[in-house]
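One-letter residues, chain by chain:
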Number of protein chains: 2
Amino acid sequence: MSSDYIHLNLFTMNSVEHVTTGNWRTPGDQSDRYTDADYWQEVARTAERGGFDGVFFADVRGIYDVYGGDRETAIENAIQTPSNDPAYLVPAMASVTDNLGFAVTKSTSYNHPYQLARELSTLDHLTDGRVAFNIVTSYLESAARNLGLGERMDHDDRYDRADEFMDVCYALWEDSWDDDAVVRDRESGVYTDPEKVRAIDFEGEFFDVPGPHGAEPSTQRTPVLYQAGSSDRGREFAADNAEAVFVSQLTEEGVRDYVEDMRDRAAAKGRDPDDLLFFPGIAPVVGETEEIARQKYETYAENVDTEATLALLSGFIDLDFSELDPDQKVEHIETDAIQGAINAFTKNDPDRDWTVEEVAEFAGLGSTSPVVVGSPEQVADELQHWYEDVGVDGFNIKEIVRQGTLRDFVDMVVPELRERGLVREGYEGETLRENLFEEEGRTRLADDHPARN
Amino acid sequence: MSSDYIHLNLFTMNSVEHVTTGNWRTPGDQSDRYTDADYWQEVARTAERGGFDGVFFADVRGIYDVYGGDRETAIENAIQTPSNDPAYLVPAMASVTDNLGFAVTKSTSYNHPYQLARELSTLDHLTDGRVAFNIVTSYLESAARNLGLGERMDHDDRYDRADEFMDVCYALWEDSWDDDAVVRDRESGVYTDPEKVRAIDFEGEFFDVPGPHGAEPSTQRTPVLYQAGSSDRGREFAADNAEAVFVSQLTEEGVRDYVEDMRDRAAAKGRDPDDLLFFPGIAPVVGETEEIARQKYETYAENVDTEATLALLSGFIDLDFSELDPDQKVEHIETDAIQGAINAFTKNDPDRDWTVEEVAEFAGLGSTSPVVVGSPEQVADELQHWYEDVGVDGFNIKEIVRQGTLRDFVDMVVPELRERGLVREGYEGETLRENLFEEEGRTRLADDHPARN
């Protein structure tokens, strides 16, 4: 890790179910309040009380209709549908917090950079610099069909477009307005010096954007950049752009290799490798004692819906699990994502062969991330191990029940981590970038980031 | 009018200057706080205190670069640039109010209906039904160049696209999910009944959208629909879609003719003509006495920037005023918009011939709307006259100084109007549609609206 303590994001979605299944049925679960601003303001206050850097909003366009070739299972189990746009939660949540950041997922395949650059500038203004852009290229065919592409672009084309998309955004955010362009001189009547606002004259394969940017520079200018590159092309993209990376590898060895590979790639591009922060996901199940935690785990595991989980995994990896025998051994399924789940699972039980159904049961709680079950001390031990021994900078906390998972974590695990000096007591600054990089005044992208050259 | 009292919207923009020029220089003016959530929350509280139905956010994409063929004048005078996205203000403002509505301007030329339908559903959920969609087709060439169209579509093509855009939105909002689709049955594990969520299978000239809608039905389903159709094609569009119309005619006769024509068109389409509400804009300058009001007016008029006003008008009507002699008489300029301003002006002084410069001086305060100057009683008299004798349902209050114009109006004119029984003391309902139509329980589009057939 390159951080002095563990950084925390809540990993959530503006929907009923995100990466777990069936636990909206758990008594007291409030997933159905996702449409209420009050709900999200409570979440924001709790996360800030726990010293979290931010709330990370996943998002998806389209519906999980790969499983069985229809959308019935996804709809019935509220698998990421219904869902609302996450970006509109930010202004409501920011208005009841002072330091908490907000990472919003937006797709470079289904937005236009001139439009999205303005939206993110708006959010960065309204939050005084507490916004991150989680850059995704989108994977569901059903999104493409609804958004006018007919069919999804292939993986590499999506990344080509994403590269150009970011070049347009960087030019608008970093180059179009000088820091001192806005002068607000009541005497001379000059609000903005037009000499200090420039066209960007971008002409590319996907976009022609003359500019200039319509928004004046916001606090961070470019929002903090999150990405989750996993393929070779995705890793190159992350090494070019990301400041924080969501790690989907699950074994210690896999994470170590990934971190090392990504730091090498960033260095090869002339960036300080420590300017990349690494966040694996975990789903914590914590109780006052180990026994209470185990009881919670049993309840949660019982509520998992196996078919719903398979519908979710089918969407992730574009493979229809309904066509497979539930008792089929997963070692024969050759995909990275499901292999990740297997690796995580078999880490504790290397000699067992897992079936499709068993993996679905496991993935129904943590999706493709480890589920950590135990007392506050035990959960803290596990996080400390990954932080100190594996070298991650922090964690994306996945929710199994809402708001229980977050509250349990903040009320039980965070105090234990604070006692160990592993979670912040206060924030370094007012912007997300300052807090992520533990450096007051570091509101802007690093000088060696490609956007600034 | 078809209303029992006067309805009020604040007409504003997420920018420094909206439809006036130069008055960001007035001492105490807070236009430069447009980037602050606090500023907008103050505005929201004041408007709700004044019984306003809503805050109407204008918006524009592109830059006013018609005047002189460059953007210098617009940039220097902050003419609608810089500006931020207005929709993100809504969640922050809604969280400090209970009844105030929010009309957001979005362009059917530069959005995709599958995307925008979800965004507006999200806002309607978060505000519990307090959102309106001000439908525009966009007029600045510079927006088209930045957003991938190369050049602006012509006027009628823009409306063809808008027609189809709304058809897609209506199908998503009204037809895709049954009212009882979301069952949240913890026992059976069914969150949504998939039989009650339908594809829309829309195939058109501009859009193919299979659906279904990704969002569950929000409080109003379809947000309240605002429009400002002025051309014949625009009026037809408004008669098909709008529930509230922003009137840009300025003489009493012009407004009467417009209202009558629009009600006829709506009736011809099978709609109840009273389901169209009419809102002209006014710029109120009010003081405790007429003399104080006149003094304020003098200050504001002095701050107007003539060249900036011409840059604004040039963008509105796509005519480069820099090529005209400032002393040229405007009667020879044949365009509707400028003629509106002239009509309004000459109403008080019919024998005078106005020059380009004189119109610019006038339009710098109210843009193309009347400026009403006087004591609270005098301003109330004028509004009462337009409401009772001309037949409008209310007004879009245009700001000259911020937040002064709004606060003066709410603190001085609203109490006078309330004494006359002309402005509400409380709200009829919790949704914008209930309040606009003065009918508790009327949260949905009328049954005879084309969207529901």
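For the structure, see preceding data.
Our subject in this report is the structure included herewith.

Conventions and cut-offs
Residues numbered from 1 in each chain as written. Chains lettered and ligands numbered in written order. Predicted model: local features only at pLDDT ≥ 70, side-chain atom pairs only at ≥ 80, totals over all residues. Heavy atoms only, no water. Salt bridge = Lys/Arg side-chain N within 4 Å of Asp/Glu carboxyl O. Helix = DSSP H or I, 4+ residues; strand = E, 2+ residues; numbered from the N terminus. Buried < 20%, exposed > 50% of the residue type's maximum accessible area, 1.4 Å probe, protein only. Pairing = 2+ DSSP bridges. Expected span 1.5 Å × (residues − 1). Bend = angle between axes of the 7 residues up to and from the residue. Contact = heavy atoms within 4.5 Å. Least-squares fit on C-alpha atoms with pLDDT ≥ 70 in both.

Our next topic: the pattern of salt bridges. Scanning all chains against the criterion turns up 70 salt bridges over all chains. Residue Asp 261 of chain B pairs with Arg 265 of chain B through a salt bridge whose shortest N-O separation is 2.8 Å. Of this pair, Asp 261 of chain B and Arg 265 of chain B both sit in helix α8 (residues 252-268), four residues apart, which is roughly one turn of the helix. Taking the shortest distance from any N to any O, the salt bridge between Asp 408 of chain B and Lys 296 of chain B comes out at 2.6 Å. One end of the pair, Asp 408 of chain B, is in helix α14 (residues 404-419); the other, Lys 296 of chain B, is in helix α9 (residues 290-303), with 112 residues separating them in the sequence. As far as burial versus exposure is concerned, Asp 408 of chain B and Lys 296 of chain B are alike and both buried. Beyond isolated ion pairs, a larger network of salt bridges with shared partners links Asp 232, Arg 235, Glu 236, Asp 240, Asp 261, Arg 265 and Lys 269 of chain A.

Here we come to the pairing of strand β2 (residues 54-58) of chain A. Residue and element names in this part refer to chain A. Counting buried positions along β2 yields five of five residues, so the element is predominantly enclosed. Covered by surrounding structure in β2 are Gly 54, Phe 56 and Ala 58 together with Val 55 and Phe 57, the residues of both alternating faces. Across five bridges, the pairing between strand β1 (residues 7-13) and β2 is parallel. Looking across to β2, one finds that Leu 10 is bridged to Val 55.

This part takes up the pairing of strand β5 (residues 182-185) of chain B. Bridging between β5 of chain B and strand β6 (residues 190-192) of chain B involves two bridges; their strand directions are antiparallel. Directly across from Asp 185 of chain B, in β6 of chain B, lies its bridge partner Val 190 of chain B.

Further remarks concern α14 of chain B. Residues and elements named next belong to chain B. With 16 residues, α14 extends 22 Å between its outermost C-alpha atoms, agreeing within 8% with the 22 Å of an ideal straight helix rising 1.5 Å per residue. Along α14, the largest kink reaches about 35° and is centred on Val 413; proline Pro 415 follows within four residues of it. Buried residues dominate α14, accounting for twelve of its 16 residues. Taken residue by residue, α14 has Gly 404, Thr 405, Leu 406, Asp 408, Phe 409, Val 410, Met 412, Val 413, Val 414, Glu 416, Leu 417 and Arg 418 as its buried positions. Tucked inside the fold, the buried residues of α14 contact β1 (7-13), α1 (37-49), β11 (277-286), α9, α13 (376-390) and β13 (394-398). Where α14 terminates, the next one or two residues include Gly 421, which has phi positive at roughly 70°.

All right, on to the relation of the copies chain B and chain A then. Taken as rigid bodies, chain B and chain A are interconverted by a rotation of 180° and an axial shift of 0.0 Å, the fit giving an RMSD of 0.0 Å. In symmetry terms, the pair is related by a two-fold rotation axis. Scanning chain B for the C-alpha nearest the rotation axis identifies Ala 92 of chain B, at a separation of 2.3 Å. An overlap of 100% is found between the interface residues of chain B and their copies at the interface of chain A, pointing to a shared contact surface.

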